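Here are the chains, one letter per residue:
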Amino acid sequence: MSNTNVQNDKTVPSSFKERLKAWWQAFKQAMSSLKTLTAMQLKEKMDMKFLRSTKATIFKTVYFVLQFVVVTAVCYLLLYACKLLSIFSLVGEVPVSVIAIVFGFMLLLSIIFTTLGLVKSLYIAKDNAVLLTLPAKPSLIFLSKLCVYYVYELRKNFIFLIPFFFAYGILKALPVWYYAWALVLFVFVSILTVLISALLSMPSLFVYRICRKYKVLQYTLMVAAIALLSWGVVSLIALIPDDIDILSNWGTIFWDIQDFLKSFTQNFALLMSLTELIVGISTGRTNVVITRHTLPNLSILIGLIVVLFVLCFLLSQPLFYSMASKSFEHTKRENDKPRPNKKAPILLSAVKKEWFVALRNKTIVSLVIQSCNISLSVFNYIIIYFYILTK
């Protein structure tokens with residue numbers, strides 16, 4: 001009896017080790033496939049030819065550094081002007097809420113454009129016909145496309161957001177390690193942006209397909225967007241006071257700015273926490289980067305990323321393959337039924353043929369849309385001109 005128990009005790013750990021080893025081998029193989037898929041797509045979509053030449057690589061690096069320095073300098077001058085003129089603070093400081101507003105606006109734009117790009121890349125890209133036939137799981141293909149857009153997002157952040165936060169660090173004379181801290185956190189911010197966009201891309205695909213199927217809806221939405229933009233411009237002009245005298249009315253304007261910043265801080269607490277995680281908290285004329293809120297905010301950020309990643313992964317299992325393999329442009333309509341040929345007059349047939357050819361080439365449709373855009377633009381200019389005259 002004792003020998004049997006000893007033998008069972010020996011077999012259990014060995015089988016556990018074998019299962020753990022098999023899992024580790026499968027994980028390594030999956031990561032290798034993910035790396036290969038990501039590299040293959042990056043090589044196709046990004047111009048990497050400069051790596052073949054030393055001169056081209058040096059030129060590209062110098063250009064990147066100069067671009068980064070110039071954007072940082074411009075952002076610093078703008079922030080310094082705000083500090084010098086005491087626009088946002090009586091003591092001549094730029095509060096963290098101002099940084100959060102710019103940060104939130106840029107994140108919103110990034111999420112919108114990344115969502116639109118992911119709709120095309122994930123579900124209606126031509127390379128899906130090749131990628132989905134490779135000996136790789138659809139979930140790996142889905143993750144590889146997210147990795148590609150993650151690289152895009154990092155590159156976009158180096159164009160404006162990271163220089164903007166570096167300029168704020170220079171303005172506040174923050175320690176040197178702040179810049180490394182900001183770079184590390186933007187690794188997480190880029191992941192967060194891509195994951196939110198990946199979730200939004202799934203319902204956006206259905207909207208895209210409906211608009212492509214029903215052209216009238218597509219053109220109606222375009223006209224509605226132009227009309228909404230026109231209404232927004234007119235509404236903003238209506239806010240302009242009759243007598244524009246900033247110097248004499250600066251007291252009222254300044255406290256209106258303070259009320260807006262206070263309202264923004266209260267209504268967008270999560271965005272404020274993310275901004276404070278990067279730049280810290282201002283206390284008078286000093287700025288403390290690492291505070292007692294840093295660890296909780298970092299935990300919330302990482303937890304949010306984990307939750308979004310799990311949601312994306314779980315939703316991609318049943319949805320991605322079916323959505324990506326059924327490209328709307330190449331789907332055959334099953335409701336079309338054969339109709340008998342009808343003889344029509346020669347003149348009517350010729351006119352009908354030219355009409356359908358023009359519609360398929362989108363000639364008439366594009367002319368109508370351009371005419372509507374020009375008419376609305378002229379109408380906006382006329383309204384703005386007369387509104388300014390009446391002011």
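Residues numbered from 1 in each chain as written. Predicted model: local features only at pLDDT ≥ 70, side-chain atom pairs only at ≥ 80, totals over all residues. Heavy atoms only, no water.

### A word on the overall build of the protein
Phase 1 of the analysis: Helix and strand counts for the protein stand at 13 helices and two strands.
Phase 2 of the analysis: Counted over contacts in the protein with a minimum sequence separation of 6, partners at least 24 positions apart contribute 81%. (Helix = DSSP H or I, 4+ residues; strand = E, 2+ residues; numbered from the N terminus. Contact = heavy atoms within 4.5 Å.)

### Description of the side chain of Asn157
Phase 1 of the analysis: Its place among the elements puts Asn157 in helix α5 (residues 138–157).
Phase 2 of the analysis: The contact partners of Asn157, leaving out residues within four places of it in the chain, are Ile162, Pro163, Phe186 and Ser190.

### Focus: α5
Phase 1 of the analysis: An ideal rise of 1.5 Å per residue puts 28 Å on 20 residues; α5 measures up with 29 Å between its terminal C-alpha atoms.
Phase 2 of the analysis: Burial analysis of α5 places 14 of its 20 residues in the buried class, the great majority of the element. (Expected span 1.5 Å × (residues − 1). Buried < 20%, exposed > 50% of the residue type's maximum accessible area, 1.4 Å probe, protein only.)

### Re the environment of Phe309
Phase 1 of the analysis: Along the chain, Phe309 falls in helix α11 (residues 294–325).
Phase 2 of the analysis: On the accessibility criterion, Phe309 (39% relative accessible area) is partly exposed.
Phase 3 of the analysis: Remark: the alpha-carbon pair of Phe309 and Leu192, spanning 117 residues in sequence, is separated by 8.9 Å.

### Concerning the pattern of salt bridges
Phase 1 of the analysis: In the structure shown here, the tally under the stated rule is two salt bridges.
Phase 2 of the analysis: Where Lys172 meets Glu93, a salt bridge forms, and the shortest distance between an N and an O atom there is 3.0 Å. Residue Lys172 is located in the loop between α6 (161–171) and α7 (177–213), and its partner Glu93 is located in the loop between α2 (54–84) and α3 (96–123); the two are separated by 79 residues in the primary sequence.
Phase 3 of the analysis: We classify Lys172 as buried; its relative accessible area is 11%.
Phase 4 of the analysis: According to the relative accessible area criterion, Glu93 is buried, its value standing at 8%.
Phase 5 of the analysis: Taking the shortest distance from any N to any O, the salt bridge between Lys156 and Glu153 comes out at 3.3 Å. Taken together, the residues Lys156 and Glu153, both in helix α5 and three residues apart, mark about one turn of the helix.
Phase 6 of the analysis: Among the residues examined, Lys156 registers a relative accessible area of 37% and is labelled partly exposed.
Phase 7 of the analysis: We classify Glu153 as buried; its relative accessible area is 2%. (Salt bridge = Lys/Arg side-chain N within 4 Å of Asp/Glu carboxyl O.)

### Looking at the nonpolar core
Phase 1 of the analysis: Phe103, Tyr123, Phe142, Phe165, Tyr178 and Ile278 are the most contacted members of the largest nonpolar core, which has 71 residues in total.
Phase 2 of the analysis: No other element matches α7, which puts 13 residues into this core.
Phase 3 of the analysis: Aside from chain neighbours lying at most four places away, what touches Phe142 is Leu122, Tyr123, Met202, Cys312, Ser316 and Phe320. (Core = buried A, V, L, I, M, F, W, Y, C linked by side-chain atoms within 4.5 Å.)

### Looking at helix α10 (residues 269–279)
Phase 1 of the analysis: The complete set of buried residues in α10 reads Leu271, Met272, Leu274, Thr275, Leu277, Ile278 and Val279.
Phase 2 of the analysis: Among the residues trailing α10, Gly280 stands out with phi positive, at a value near 90°.

### With respect to the packing of α3 against α10
Phase 1 of the analysis: Interaxial distance between α3 and α10 falls to 9 Å at its minimum, and their mutual angle equals 110°. Viewed along their axes, α3 and α10 adopt a mutual orientation that is roughly perpendicular. Classified by chirality, the crossing of α10 by α3 is right-handed. Facing Val96, Ser97, Ile99, Ala100, Phe103, Gly104 and Leu107 of α3, the residues of α10 in contact are Leu271, Met272, Leu274, Thr275, Glu276, Ile278 and Val279. (Axes fitted to C-alpha atoms, helices over the stretch in contact; angles between N-to-C directions. Parallel < 35°, antiparallel > 145°, perpendicular 65-115°, else oblique. Left-handed = near helix turned anticlockwise from the far one by under 90°.)

### A closer look at the packing of α3 against α7
Phase 1 of the analysis: In contact at an axis separation of 7 Å, α3 and α7 are set at 55° when each is read in the N-to-C sense. Taken as axis vectors, α3 and α7 run oblique relative to one another. Crossing handedness for the pair α3 and α7: right-handed. Contacts between α3 and α7 involve Phe103, Leu107, Ser110, Ile111, Thr114, Thr115, Leu118, Val119, Leu122 and Tyr123 on the former and, on the latter, Phe186, Val189, Thr193, Val194, Ile196, Ser197, Ala198, Leu200, Ser201, Met202, Ser204 and Leu205.
Phase 2 of the analysis: Of the residues that constitute the contact of α3 with α7, the class distribution is 15 nonpolar, seven polar and no charged. (Nonpolar A, V, L, I, M, F, W, Y, C, P; charged D, E, K, R; others polar.)

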